[in-house]
Amino acid sequence: SIHIMWPRGGGPLRWLRAHSRQLLPTAVAVICLVASAWNRWRWRLTTRQAMRPRQRSRRPSFESLRHLPREGRALLAGAVCLARSAVTQYAVNPTSVIEERVVIAMVGLPARGKSYLSKSIVRYLNFVGCPARLFNAGSRRRDAGLAGSGAAFFDAANEDAAAQREEIAMDTLEELLRWLKFLPSNSLTALSALEQNQEQAGEQCRRGCVCGVFDATNTTVLRRQKVRERCAREWPPVRLIFVESICTDTKLLLRNYMLKASNEDYKGSAPEAALQDFLARVRNYEAVYQTITDAEGPEEEEDETFHRLEGDRRISSTVDDLSPRGDGERQPRG
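Report on the accompanying structure. Everything numeric here is computed off the predicted structure, so don't read it as measured data. (Residues numbered from 1 in each chain as written. Predicted model: local features only at pLDDT ≥ 70, side-chain atom pairs only at ≥ 80, totals over all residues. Heavy atoms only, no water.)

**A word on the overall build of the protein chain**
Counting its regular elements, the protein chain contains 12 helices and eight strands. Here the contacts in the protein chain between residues at least 6 apart in sequence split such that 67% fall between residues at least 24 apart. On the protein chain, roughly 22,600 Å² of surface is accessible, and the fraction owed to carbon and sulfur atoms is 55%. (Helix = DSSP H or I, 4+ residues; strand = E, 2+ residues; numbered from the N terminus. Contact = heavy atoms within 4.5 Å. Areas by Shrake-Rupley, 256 points an atom, 1.4 Å probe, with all protein chains shown as cover.)

Quick look at the structure:
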């Protein structure tokens, strides 16, 4: 116990100085008790507020306007309906109105910017609200355990390797078409409907636009013909677009070759050896490369388009660039 006795001729300040060592532990204990009590009270208050059920705000309705005259309620209801219709007119997303499934098949030699264009297309379409996804045949080949394949694997004279590459490319296309068919619904209901009635499944799956990019070389007419025939058998129908990328800039090609020589196929290889092997791979592709010509152009009734791109310019297009309108029809954009 502390007995406070003020000395003669002194005061509280002198008394505190004399008993500071005795009072310090008591002051610290009192401060700790106060702080603990404050934290406990604040924690209880926060917990009660968190566990308290939130009150949902009631949206105003016309029933809450019964105190108004009948003419006033009718006028207000008409104004609200008119405002809602005006907002809805400009809030419709075109991608939810246009029901079209698009397959973009890239064409071109290695290191010509096909993957760069494909990623740009996918990024932009996803940005505007149209679901898009990239399907790369090279990635599927590496996932299948064929990473690190040398230039001999891409030689057309190697029949076994050519058959493997053809199978991988068509499996990639099949994966793309399955993704198109069940997106955005992607439900078990659509799968069961497909087993029972193909047309019913098609109507159930076609909701809005969706695009898949088939990123492969597709350098021969025979390969493009197989892609065209497979897409023609698809239901719901898909729109096929061939995009050929051509690059003749030697400096840009050398830069692209250096980037390709550092991918997973050449992991652990010397840079010079990787570059030489990739150049040999390009020469194997060039030996069988067949550019898109007007002879491959689709008939008028076919839903197909293809373009050739050189650098950043579109140098030719075999058919008109068609853009779907909101009423379901198509019109040329010139």
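**Notes on the nonpolar core**
In this structure, Val103, Leu173, Leu180 and Phe214 are the most contacted members of the largest nonpolar core, which totals 21 residues. Going through the elements one at a time, β1 (101-107), α7 (159-181), β3 (210-215), α10 (221-232) and β4 (239-246) are the ones with two or more residues in this core. It is α7 that provides the largest number of residues to this core, a total of seven residues. Those residues in contact with Phe214 that lie beyond four places of it in its chain are Ile104, Ala105, Met106, Phe135, Ala169, Thr172, Leu173, Leu176 and Val227. (Core = buried A, V, L, I, M, F, W, Y, C linked by side-chain atoms within 4.5 Å. Buried < 20%, exposed > 50% of the residue type's maximum accessible area, 1.4 Å probe, protein only.)

**Overview of α10**
Helical geometry: 3.6 residues make up each α-helical turn, so side chains three or four residues apart lie on a common side. The terminal C-alpha atoms of α10, which comprises 12 residues, lie 16 Å apart, in line with the 16 Å expected from a rise of 1.5 Å per residue. Every buried residue of α10 is listed here: Arg223, Arg224, Val227, Arg228, Arg230 and Cys231. Here the buried residues of α10 occupy an arc of 165° about the axis, which is enough to place them on one side. Residues of α10 that are exposed and point more than 90 degrees away from the buried face comprise Leu222 and Ala232. (Expected span 1.5 Å × (residues − 1). Arc of directions from axis to C-beta.)

**Some remarks on the packing of aromatic side chains**
Across all of its chains, the model carries four aromatic pairs by this definition. When the ring of Phe153 is compared with that of Phe154, the centres are 5.3 Å apart and the planes differ by 85°; the resulting orientation is edge-to-face. For the pair Phe153 and Phe154, a shared accessibility class is recorded, and that class is buried. When the centroid spacing of 5.9 Å and the interplanar angle of 40° are considered together, the rings of Phe154 and Tyr285 count as tilted. Of this pair, Phe154 sits in the loop between α6 (137-146) and α7 while Tyr285 sits in helix α12 (residues 271-288), and the two are 131 residues apart along the sequence. The two residues Phe154 and Tyr285 agree in class, both being buried. Through pairs of rings, three or more aromatic residues link up here, namely Phe153, Phe154 and Tyr285. (Phe/Tyr/Trp six-rings, centres within 6.5 Å; stacked < 30°, edge-to-face > 60°.)

**A word on the layout of surface pockets**
Taken as a whole, the largest pocket holds about 1,000 Å³ of empty space. Taken together, 40 residues line the largest pocket, and the ones lying closest to its centre are Ala111, Lys114, Ser115, Asp215 and Lys260. Broken down by secondary-structure element, the contributors of at least two residues to the lining of the largest pocket are α5 (114-128), β2 (132-136), α6, α7, β4, α11 (250-260), α12 and β5 (304-310). Among the residues forming the lining of the largest pocket, the class breakdown is 17 nonpolar, 10 polar and 13 charged. (1 Å grid on protein atoms, 1.4 Å probe; cavity = no way out; pocket = protein on both sides within 12 Å on 5 of 7 lines; lining within 4 Å. Points joined across faces, edges and corners; volume = space filled by probe spheres on them. Nonpolar A, V, L, I, M, F, W, Y, C, P; charged D, E, K, R; others polar.)

**Looking at the packing of α11 against α12**
Running from N to C, α11 and α12 point in directions that differ by 115°, and their axes come no closer than 9 Å. Considered as vectors, α11 and α12 are oriented roughly perpendicular to each other. Judged by the sense of rotation from one axis to the other, the crossing of α11 with α12 is right-handed. For the pair α11 and α12, the contacting residues are Tyr257, Met258 and Lys260 in the first and Leu275, Phe278, Leu279 and Val282 in the second. Residue classes in the contact of α11 with α12 are distributed as six nonpolar, no polar and one charged. (Axes fitted to C-alpha atoms, helices over the stretch in contact; angles between N-to-C directions. Parallel < 35°, antiparallel > 145°, perpendicular 65-115°, else oblique. Left-handed = near helix turned anticlockwise from the far one by under 90°.)

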